[in-house]
Amino acid sequence: QVQLVESGGGLVQAGGSLRLTCAASGRTFSSYTMGWFLQAPGKEREFIAGITTIGGRTSYTDSVKGRFTIDTDNAGNTLTLDMTNLKPDDTAVYYCARRRGLFLVVPTTIREYDYWGQGTQVTVSS
């Protein structure tokens, strides 16, 4: 069974930076699509960034373009999200997700991902 574990969350001041990491264990393959989602209190989980392990195709939601950078190794064992110029509105639980396969367009919906981590809390103070 594939297990995903997020780490790197915490409390930061507005304008600061943070790196989130997702580590995968268990059975692995070579071609994956990896994604980051966030869920703010009382709101639905939403896509913010995705990447394919082969080809490096990426997708970002408009609110994080130019501020966040997603990256992964070729096997999808380590996924990162480099977050800069953090804002209070970025406060949420961040989840990593993975599904096997490569896509011409990076999937952006919850139903398109097969495996999920437990989430890591990011809190940005003003």
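Residues numbered from 1 in each chain as written. Predicted model: local features only at pLDDT ≥ 70, side-chain atom pairs only at ≥ 80, totals over all residues. Heavy atoms only, no water.

Peer 1: Sorry if this is basic, but what is going on with the overall build of the chain here?
Peer 2: Helix and strand counts for the chain stand at zero helices and 11 strands. Listing every helix and strand of the chain by position from the N terminus yields β-β-β-β-β-β-β-β-β-β-β. For the chain, the C-alpha radius of gyration of 14 Å lies close to 14 Å, the compact-globule estimate for 126 residues. Projected onto the principal axes, the alpha-carbon positions of the chain cover approximately 40 × 25 × 25 Å. Burial analysis of the chain (126 residues in total) assigns 40% to the buried set. When contacts within the chain are restricted to residue pairs at least 6 apart in sequence, those whose partners lie at least 24 apart make up 59%. Of the roughly 6600 Å² of accessible surface on the chain, a fraction of 46% belongs to carbon and sulfur atoms. (Helix = DSSP H or I, 4+ residues; strand = E, 2+ residues; numbered from the N terminus. Rg over C-alpha atoms; globule rule 2.2 N^0.38 Å. Buried < 20%, exposed > 50% of the residue type's maximum accessible area, 1.4 Å probe, protein only. Contact = heavy atoms within 4.5 Å. Areas by Shrake-Rupley, 256 points an atom, 1.4 Å probe, with all protein chains shown as cover.)

Peer 1: Please clarify how the pairing of strand 3 (residues 18-25) should be interpreted in this entry.
Peer 2: Sheet faces and side chains relate simply in a regular strand, where the side chains alternate between the two faces. Only one face of strand 3 is covered, namely the one carrying Leu-18, Leu-20, Cys-22 and Ala-24; the face carrying Arg-19, Thr-21, Ala-23 and Ser-25 has none of its residues buried. The pairing of strand 1 (residues 3-7) with strand 3 spans five bridges and is antiparallel. Residue Glu-6 lies in a different strand from strand 3, and its bridge partner there is Cys-22. Both strand 3 and strand 8 (residues 78-83) contribute to a ladder of six bridges, which runs antiparallel. Note on strand 8: the bridge partner recorded for Leu-18 is Met-83. (Pairing = 2+ DSSP bridges.)

Peer 1: What exactly am I supposed to notice about the packing of aromatic side chains here?
Peer 2: What characterises a pair of aromatic rings is the spacing of the ring centres plus the angle enclosed by the ring planes. If you walk through the whole model with that rule in mind, you get four aromatic pairs. A centroid spacing of 5.6 Å and a plane angle of 80 degrees characterise the contact between Phe-37 and Phe-47, whose relative ring orientation is edge-to-face. Of this pair, Phe-37 sits in strand 4 (residues 32-39) while Phe-47 is found in strand 5 (residues 46-52), placing the two residues 10 residues apart along the sequence. As far as the burial class goes, Phe-37 and Phe-47 line up, both buried. With centroids separated by 5.4 Å and ring planes inclined at 85 degrees, the aromatic side chains of Phe-37 and Tyr-113 adopt a geometry described as edge-to-face. Highlighted residues: Phe-37 in strand 4 and Tyr-113 in the loop between strand 9 (92-100) and strand 10 (115-116), separated in sequence by 76 residues. (Phe/Tyr/Trp six-rings, centres within 6.5 Å; stacked < 30°, edge-to-face > 60°.)

Peer 1: Is there a simple way to explain the environment of Thr-109 in this structure?
Peer 2: With respect to the secondary-structure elements, Thr-109 resides in the loop between strand 9 and strand 10. Thr-109 sits 59 residues away from Gly-50 along the chain, and the two C-alpha atoms are 11 Å apart. Reaching out from Thr-109, the side chain makes a polar contact with the side chain of Glu-112 at a distance of 2.7 Å. (Polar contact = N/O pair within 3.5 Å; in protein donor to acceptor, adjacent residues only side chain to side chain.)

Peer 1: What am I meant to see in the environment of Thr-52 here?
Peer 2: Along the chain, the position of Thr-52 falls in strand 5. In sequence terms Thr-52 and Ser-125 are 73 residues apart; their C-alpha atoms lie 32 Å from each other. When sequence neighbours within four positions are dropped, the list of residues in contact with Thr-52 reads Tyr-32, Thr-33, Arg-57, Thr-72, Leu-102, Phe-103 and Val-106.

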